[in-house]
Amino acid sequence: MPATDDSALALAAQLRGLTDAELGALLGAREVRGASIKDFFDLADAMLDPESIQLALGRLDRSTLITLGALGSADGAISAQDAAARVASLGADPAAVAGHLAHVVGLAIVTRADERYAVPAAVSRQLSQWPALGLPGLDELASAPAPAALVPVSQTEARVTDAVSAEHAFATSSAIAELISELQHEPARELARGGVALPDNKRLAASMSVDIDRVAELLEIAARAGLVALDSGRWMPTAASTRWLGGTSGERWARLAGAWLERLPADIRGILGHRAHAVWGEQLQEYVDWLFPAGGDRMRERVLVYTRDAQLLGITADHVPSTPGAALLADGPTAAASVMVSLFPTEVTQVYLQHDLSIVSPGPLAPRLDARLRTIADVEGRALASSYRVSVSSIYRAMAGGETVAAIRQFLSEISLTGIPQPLEYLIVEAGTRYGLVRVAAIDGDRASIRSTDDAMLRTLLVDHGISSLGLTRAGDRLVSRFDQALVFWTLSEARYPVTAEDSDGAVILLKRPQASRAAAHDAADSTANLIERLRLGSSSDPEVTGAAWLSRQLDVAIRAKVTLTVTVLLGDGSTADYQLEPASVAGGRLRALDRKADIERTLPLTSIVSVSPAK
């Protein structure tokens, strides 16, 4: 509902003076939906809507609410010093008032002009309804004591907690590596209503060896770290995932934990940071309810999501912060990673190559070696001691990714404790000989053609139901698909054919697996930028036109709200005069308004009006 006082005028003027960065932060914090917002007055009205105000108040802690309540109890705008004195009279700490005022001004809950602060009437009305909604009034906000202190963690508990947290952290890092690997082979479809499609959900759960209900949680952790992203309705790895897979265990965990910390809202970070050495659990929820009186289920859910992920990342174990978790909250991810790595099981750098083409790692394989070995062999069992298996198709896949027979042989020799068994040597040589039997090239722009020196291979491709979606048709000595080269190439590669890509001259080229584009990850930012651009529309055009439009909108709002304005008018001698007027109408380029002080009606040319502002 539109504001019925001069709050919208003051707030619109304040919003207009923000930088684009400040506007972007505000729109994100207030979760503004911009479809119907055309200018700063619309934005002010949206932010003064009771539902929007209540959502914003739900994010304010008790101390900030006391400052807001004290400010709202004043008769008009007051200075920061006066606000601090009012807060002190309530028995609260006045030292934090300056920070509170900056916060609520940043959230557009309070207006500021000439270093004086005022609470819009719509916000005051909402606060006055709190007791009827079962929420505390100003006196209760200031007098209600905090819940009992949280139970501290003992040294004995800390050792157990660290052991469990390291296990969780290692398992989560490993599961996300499996997630990325699986998405590299085949993206997962996101449903329109949200959530991964059931077949893909089952596939991802199987690859990570986790319960199907945990897939969404791990996907969220990976997305938060920028390792996967939605692109055209499909979950795919990002370019950052390649670097992450090749990092050390500490670097992997640091990225996941750092993303958790970076995305931690300031209010929740304050709660957890001050309780880094205490049991969280139910007492933490009680404290959250006290600290954020209007937060309700929304705040509890926000805390729950981050405490849940903290458990998965080993920041906590059974609601008790681990030593790395406490270091993370106090000193950041780099310092915490060095602590966490010391708790991880010792990594190995060599494996056993066996005659049955299996590869057994006697312990957790160093991530960089594991990442490369995955390109050559398929993972069969993932635990502290992992197992892999080499096949003709896995060698084909490795060579499609840029490996050569010599490079594969050298790598396996370096990491093997048993040399290269003869069956494996034969397999590598055979795969290398057949690789490139199927060649895919680009034709006619977005289409692909397939050629082979073995005509029987082309006939096999035509009748293979597993690749029927490519719609292959015969065209002389080649097969043609309506799809592009990359899609055809990777489809054939996943179907275990000895396929290579080539350019128009027949030279072999290396194709990269599809990854989520940067544009797909920034849809929300683009939406905010579009709204800001719409708000700024006209600001960069003719200043006279822009100024006239702004003046007209101010007068329109004042007429609808029936509020009194201070109107500054340019007189004939070049001087200015201020009138306290209640605008009645605008027509023919003239303002008709009632001068309450002189009790007369004035008619002023709009061209003579220098500025208008809420009456003082």
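Residues numbered from 1 in each chain as written. Predicted model: local features only at pLDDT ≥ 70, side-chain atom pairs only at ≥ 80, totals over all residues. Heavy atoms only, no water.

**Concerning the confidence of the model for the protein**
Taken residue by residue, the protein gives an average pLDDT of 85. The fraction at 70 or more is 92%. Within the protein, the element-level pLDDT minimum falls on helix α27 (residues 543-561), averaging 67, and the maximum on strand β9 (residues 352-353), averaging 95. Across residues 538-546, confidence stays below pLDDT 50; counting only partners more than four residues off in sequence or on other chains, it has four contacts. (pLDDT = per-residue confidence, 0-100. Helix = DSSP H or I, 4+ residues; strand = E, 2+ residues; numbered from the N terminus. Contact = heavy atoms within 4.5 Å.)

**Focus on the environment of L343**
Its location among the elements puts L343 in helix α19 (residues 333-343). A sequence separation of 173 residues divides L343 from F170, and the C-alpha atoms of the two residues are 9.6 Å apart.

**With respect to the sheet that holds strand β12 (residues 387-389)**
Read from one edge to the other, the open sheet built from four strands follows the order β9-β10-β12-β11, with strand pairing classed as antiparallel. Strands at the two margins of the open sheet, each flanked by one partner only, are β9 and β11 (378-381). Bridge analysis of β9 against strand β10 (residues 358-360) gives two bridges, and the strand direction is antiparallel. In the sheet register, L353 faces β10, and the bridge partner there is I359. (Pairing = 2+ DSSP bridges.)

**Description of the pattern of salt bridges**
For the structure shown, the criterion picks out 25 salt bridges. Between E403 and R372 there is a salt bridge; the shortest N-O distance is 2.9 Å. Of this pair, E403 sits in the loop between α21 (392-400) and α22 (405-415) while R372 sits in helix α20 (residues 367-376), and the two are 31 residues apart along the sequence. Overall, E403 belongs to the buried group, its relative accessible area being 14%. (Salt bridge = Lys/Arg side-chain N within 4 Å of Asp/Glu carboxyl O. Buried < 20%, exposed > 50% of the residue type's maximum accessible area, 1.4 Å probe, protein only.)

**Structural notes on the nonpolar core**
Most often, soluble globular proteins have nonpolar side chains that are buried together. L15, L43, M47, L57, L68 and I109 are the most contacted members of the largest nonpolar core, which has 67 residues in total. Excluding anything up to four places from it in sequence, L15 contacts L23, L26, F40, L43, A44, M47 and A108. In this structure, A175, A177, A257 and V303 belong to the second largest nonpolar core, which totals 57 residues. (Core = buried A, V, L, I, M, F, W, Y, C linked by side-chain atoms within 4.5 Å.)

**Here we look at the side chain of E502**
Positionally, E502 belongs in strand β17 (residues 499-502). Within polar-contact distance, the side chain of E502 engages the side chain of R439 at 3.3 Å. Once you skip the residues sitting within four places of it in the chain, E502 turns out to touch R439, V440, A441, A442, R451, Q485, A507, V508 and I509. (Polar contact = N/O pair within 3.5 Å; in protein donor to acceptor, adjacent residues only side chain to side chain.)

**A short note on empty space enclosed by the protein**
The final tally for this structure, using the stated rule, is two cavities of 30 Å³ or more. Empty space within the largest cavity amounts to approximately 130 Å³. Taken together, 13 residues make up the lining of the largest cavity; nearest its centre are F170, S174, S249, R252 and P367. Broken down by secondary-structure element, the contributors of at least two residues to the lining of the largest cavity are α10 (155-185), α14 (249-262) and α20. The leading source of residues in the lining of the largest cavity is α10, at three residues. Across the lining of the largest cavity, the residue classes tally to six nonpolar, three polar and four charged. Its volume calculated, the second largest cavity comes out at about 60 Å³. Lining the second largest cavity are A29, R30, E31, S52, L55, A56, R59 and R298. Considering each element in turn, the lining of the second largest cavity owes the most residues, three residues, to helix α4 (residues 50-57). Residue composition of the lining of the second largest cavity, by class: three nonpolar, one polar and four charged. (1 Å grid on protein atoms, 1.4 Å probe; cavity = no way out; pocket = protein on both sides within 12 Å on 5 of 7 lines; lining within 4 Å. Points joined across faces, edges and corners; volume = space filled by probe spheres on them. Nonpolar A, V, L, I, M, F, W, Y, C, P; charged D, E, K, R; others polar.)

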